[in-house]
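Chain by chain, the residues:
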Amino acid sequence: MFDWNDLRFFLELQRSGRLLTAARRLNTTHATVARHIEAVEKALGTALFVQHAQGYELTPAGEALLKHAEAMENVALLAQEEITQSSALLGKIRVGVTEGLGVKFLASRMGGLFERYPGLEVELVAVPRFVSILNREAEISIHLERPSADMLVTRKLTDYRLALYASQAYLDRAPPLRNREDLGRHAWIGYVNDLLFSQELMFLNSFCRNPQVLFHSTSVIAQQEAARSGLGIAVLPCYMAAEDRQLVPLLPTESIQRAYWISTRRELHKSVRLRVVWDYLMELCATQQQVLLGGGVQG
């Protein structure tokens, strides 16, 4: 029988893909990680990883072990939480979220959570890409599309609205903009199409049949800054742009509505520390609907 402690090293190498990264996360050396992996492989009589130029990849035997190792990890975490929660709610939760919502909406509104639970620690991974729960990049993930994996618990977090914005400097030198038909004569700011992480971001054609896009970025925050500088028209979430004094809202009747979805692994949904973050995010978005739908700022 292998040492159960070795599974910590197995899981970290699977998640990071590299010995040095796993060692750094576990505060040890790469030789120590390798030794623990070798111990599990020797006990099971089979290789668990194959090494490639890109890193370590699980063998079929490693894939089979992974689900059991994750289940054991989850049971240990829940047991620790159940025993300790009566005295203090301590622990770390990582939330993966799209860049705009994470940076421009959530980050400035998390104070209430820590006032309620001072022992809690949150890591907000706000990036312009999909953050995977299944690969353990986060415990909670907020998506532009509803995930379909059976092992996830998913809820609709909120609706939000996107609209057209540009700077006054751009409008002063650009062709007149009176209606939807005029949009084809204007310069646009948009995403890099072949690097889109969600089809929900392909929305320029919802406003203009043939938009002349002169600036592309994978970052919605970069797009906002480009619009502020006068490069052209950008489609931005109202919670980002509605109160930006450097931007002018265009064609008030032209907007689109989208949704954010929140999800976690089914077994983690029982976790107290996860549920307090989950419930806070649900409550926050419910009370901030006016902001998310472009109706103005709420305290």
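To start, this report covers the structure provided alongside it. It should be emphasised that the depicted structure is a prediction, and the values quoted were computed from it without experimental measurement.

Quick word on the nonpolar core
Here comes step 1: Grouped together as the largest cluster of nonpolar side chains are 62 residues, with contacts concentrated most on Leu101 and Ile142.
Here comes step 2: Not counting residues within four places of it along the chain, the set of residues in contact with Leu101 comprises Leu106, Ile142, Leu157, Tyr239, Tyr260 and Leu292.
Here comes step 3: Counting 19 residues, the second-largest nonpolar core is a separate cluster that includes Leu7, Leu19, Ala34 and Val40.

Notes on the pairing of strand β2 (residues 55–58)
Here comes step 1: Both strand β1 (residues 49–52) and β2 contribute to a ladder of four bridges, which runs antiparallel. Within β2, the position partnered with His52 by the bridge is Gly55.

Quick word on the side chain of Thr264
Here comes step 1: Take Thr264: it is sitting in strand β10 (residues 248–265).
Here comes step 2: With a relative accessible area of 0%, Thr264 lands in the buried category.
Here comes step 3: A distance of 2.6 Å separates the side chain of Thr264 from the backbone oxygen of Glu139, its partner in a polar contact.

Some points on the pattern of salt bridges
Here comes step 1: Summed over the entire model, instances satisfying the criterion amount to twelve salt bridges.
Here comes step 2: Here Glu123 and Lys92 are joined by a salt bridge, their closest N and O atoms 3.3 Å apart. Placement of the pair is Glu123 in strand β4 (residues 120–127) and Lys92 in strand β3 (residues 91–98), with a sequence separation of 31 residues.
Here comes step 3: For Lys92, a relative accessible area of 42% gives the class partly exposed.
Here comes step 4: The partner of Arg228 in a salt bridge is Glu225, with the nearest N and O atoms 3.6 Å apart. A residue pair is termed a helical-turn pair when its members lie 3 or 4 positions apart in one helix, as Arg228 and Glu225 do in helix α8 (residues 220–229) at three residues.
Here comes step 5: With a relative accessible area of 31%, Arg228 lands in the partly exposed category.

Side note on the sheet that holds strand β5 (residues 140–143)
Strands pair in a sheet through their backbones, by hydrogen bonds, and they do so in one of two ways: parallel or antiparallel.
Here comes step 1: Spatially, the eight strands line up as an open sheet ordered β4-β3-β5-β10-β6-β9-β7-β8, and their pairing is mixed. Looking at the sheet topology across the chains shown, the edges are occupied by β4 and β8 (212–216). Across the sheet, the axes of successive neighbouring strands diverge by a mean angle of 30 degrees, strand direction being ignored.
Here comes step 2: Here strand β6 (residues 152–166) pairs with β10 via 14 bridges, running antiparallel. Of the residues in β10, the one forming a bridge with Ala163 is Ser255.
Here comes step 3: Where helix α5 (residues 99–106) meets the sheet, it contacts β3, β4, β5, β6 and β10, and its direction lies at approximately 115 degrees from that of β3.

Comments concerning the packing of helix α1 (residues 6–16) against helix α2 (residues 19–26)
Here comes step 1: Axis separation between α1 and α2 bottoms out at 8 Å; the angle between their running directions is 125 degrees. As far as their axial angle goes, α2 and α1 are oblique. With respect to the hand of their crossing, α1 and α2 are arranged in right-handed fashion. Along its contact with α1, which presents Arg8, Phe9, Glu12, Leu13, Arg15 and Ser16, the element α2 presents Leu19, Thr21, Ala22, Arg25 and Leu26.

Procedures and definitions
Residues numbered from 1 in each chain as written. Predicted model: local features only at pLDDT ≥ 70, side-chain atom pairs only at ≥ 80, totals over all residues. Heavy atoms only, no water. Core = buried A, V, L, I, M, F, W, Y, C linked by side-chain atoms within 4.5 Å. Buried < 20%, exposed > 50% of the residue type's maximum accessible area, 1.4 Å probe, protein only. Contact = heavy atoms within 4.5 Å. Pairing = 2+ DSSP bridges. Helix = DSSP H or I, 4+ residues; strand = E, 2+ residues; numbered from the N terminus. Polar contact = N/O pair within 3.5 Å; in protein donor to acceptor, adjacent residues only side chain to side chain. Salt bridge = Lys/Arg side-chain N within 4 Å of Asp/Glu carboxyl O. Axes fitted to C-alpha atoms, helices over the stretch in contact; angles between N-to-C directions. Parallel < 35°, antiparallel > 145°, perpendicular 65-115°, else oblique. Left-handed = near helix turned anticlockwise from the far one by under 90°.

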